[in-house]
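Close look at the chain arrangement
Listed here are the chains, written in short residue letters.
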Amino acid sequence: MSARIAGIDEAGRGPLAGPVVVSAVILDPERPIAGLGDSKLLKASQREGLAPLIKAQALAWSVIVVDAEEIDRINIFQATMAGMTRAALALAITPTEVLIDGNKVPRDLHLPARAIVKGDASEPCISAASILAKTSRDALMCAFDRQFPGYGFAQHFGYPTPDHLQCLRERGPCPIHRRSFAPVRELLQGSLL
C-alpha cells in the first residue's frame, strides 16, 4: 500500500475563549482537491466549500476539541500537543507518517512525524487539516454565541478584539473563557484590562 501521510493542524491557540480544535487528514492521492491552502488566507466561503469536499474525498480525517477547562489545567501548548496526538490516533487509518504544522512534534505521538513551519501553506494534507480545524472551531464558536449571547463570539470567535475585551469588562467571563489567559485572569483578580 502507498504512503498514508497525515497532515495535522490546529485552530484557536490565541483566543481568550473557546476550545483549541485540532484536525488530522490523510488525503487520497487518487482524488486531489483543488484550492487547498492555508485556511487563514482563504475566505470563509472558500473554507466552507472545501470542508465537505475534504471530508468526502479524504482517506481518513478526524477533528478533536480540547476545551477551555483542559487548556486552563495543562496550558495551551500542552493542550495543543495533546489534541494533535488524539487527532492522529482518531484516524480510521493508521498513517505511515505525520506532518505537523509548526515547529514541534508531540512527545507522546508514537508515529513517524515531523514538524513543518508554515506547513499549512506548503503541504496539501496540512492545508486540509487547517481548513477542517478552522471551520469546525468557527461552527462551535457560533453555537457558543447562541449559548452565551452578548459576547460576540460569532464575530470575533473568541480572539482578543477591542469589542471582546469590552464585553469581558462589562459582563465578566462566561464558562468558555480561558481563565489562565492574562486578560481573563487579570479581570478575575480585579485588575484593569
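Coordinates for the structure precede this section.
Residues numbered from 1 in each chain as written. Predicted model: local features only at pLDDT ≥ 70, side-chain atom pairs only at ≥ 80, totals over all residues. Heavy atoms only, no water.

**Structural notes on helix α7 (residues 162-171)**
Those residues of α7 that sit buried are His164, Cys167 and Leu168. Buried residues of α7 fall within an arc of 100° about the axis and therefore sit on the same side. Residues of α7 that are exposed and point more than 90 degrees away from the buried face comprise Pro162, Asp163 and Glu170. The elements touched by buried residues of α7 are α6 (153-156) and α8 (182-188). Within two residues after α7, Gly172 carries a phi angle of roughly 80°, on the positive side. (Buried < 20%, exposed > 50% of the residue type's maximum accessible area, 1.4 Å probe, protein only. Helix = DSSP H or I, 4+ residues; strand = E, 2+ residues; numbered from the N terminus. Arc of directions from axis to C-beta. Contact = heavy atoms within 4.5 Å.)

**Observations regarding the layout of surface pockets**
Here the largest pocket defines a volume of roughly 430 Å³. The wall of the largest pocket is formed by 25 residues, among which Asp9, Glu10, Lys40, Asp101 and Asp120 lie closest to the centre. With four residues, helix α5 (residues 124-147) is the largest single contributor of residues to the lining of the largest pocket. The residue makeup of the lining of the largest pocket, split by class, is eight nonpolar, five polar and twelve charged. Approximately 190 Å³ is the volume found for the second largest pocket. Ile5, Leu27, Asp28, Pro29 and Cys125 are, among the 13 residues lining the second largest pocket, the residues nearest its centre. Here the lining of the second largest pocket is built from residues that sort into nine nonpolar, no polar and four charged. (1 Å grid on protein atoms, 1.4 Å probe; cavity = no way out; pocket = protein on both sides within 12 Å on 5 of 7 lines; lining within 4 Å. Points joined across faces, edges and corners; volume = space filled by probe spheres on them. Nonpolar A, V, L, I, M, F, W, Y, C, P; charged D, E, K, R; others polar.)

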